[in-house]
Amino acid sequence: MRELDVVGVRVEMPTNNPLVLLREVAGPRYLPIWIGAVEATAIAFAQQGVVPPRPLTHDLLKDVIEALGDELTEVRITEVKDHVFYAVLVFASGAEVEARPSDSIALALRTGTPIYCAEDVLTESSVGVPDEEEEEVEKFREFLDEITPEDFEQGGS
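Being a predicted model, the structure only gives us computed values, none of them experimental. (Residues numbered from 1 in each chain as written. Predicted model: local features only at pLDDT ≥ 70, side-chain atom pairs only at ≥ 80, totals over all residues. Heavy atoms only, no water.)

Pairing of strand 4 (residues 72-81) with strand 5 (residues 84-91), which is carried by 8 bridges, proceeds in the antiparallel orientation. Within strand 5, the position partnered with Val75 by the bridge is Leu89. Once strand 4 ends, the chain turns through 2 residues before running back antiparallel as strand 5, passing Asp82 with a positive phi of about 50°. Sheet topology places strand 4 next to strand 7 (residues 115-117); 3 bridges connect them, and they run parallel. (Pairing = 2+ DSSP bridges. Helix = DSSP H or I, 4+ residues; strand = E, 2+ residues; numbered from the N terminus.)

This is the structure in structure tokens:
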């Protein structure tokens, strides 16, 4: 298993499909995973530290885990079949629960839990970014750090 960091969420053009981009911590590979719009919002909110007035589903799940006295210790992206990714939530109690990677990532960001990926998944589905594109990825990270939900409101300047 290789540890991954979440670079951010973006919308792939021209399809307008959201994806989450993960980066291998100790390596050059990036793992793009296409996700749903709701999960993209949940991941972006967690990265930006947005606290909604009422808990979103992933906030609720975090609270339930804490209320039950357990802890999410790691998220594992375990396999990919026919371009569909699979993940497992691993708890301190020893319990393991299958989950979608998008939900797992949203929860991991809320709990500070590390994300890991199986080597064979990275080998099959990751992309390398040439050095000249590395600067673009860094600019994208900076953009994500600066953007706020208010930037998406209609009628803004």
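Turning to the sheet that holds strand 6 (residues 96-99), a few remarks are in order. With mixed pairing, the 8 strands of this open sheet are ordered in space as 6-5-4-7-1-2-3-8. Either end of the sheet is taken by a strand with one partner, and the two such strands are strand 6 and strand 8 (127-128). For strand 1 (residues 2-12) and strand 2 (residues 17-24), the ladder comprises 8 bridges, and the chain directions are antiparallel. Residue pairing in the sheet places Leu4 in a bridge with Glu24 of strand 2.

Our focus in this paragraph is helix 3 (residues 101-111). Here helix 3 lies mainly inside the structure; 8 of its 11 residues are buried. Every buried residue of helix 3 is accounted for by Pro101, Ser102, Ser104, Ile105, Ala106, Leu107, Ala108 and Arg110. Backbone geometry just downstream of helix 3 places Gly112 in the positive-phi region, at approximately 70°. (Buried < 20%, exposed > 50% of the residue type's maximum accessible area, 1.4 Å probe, protein only.)

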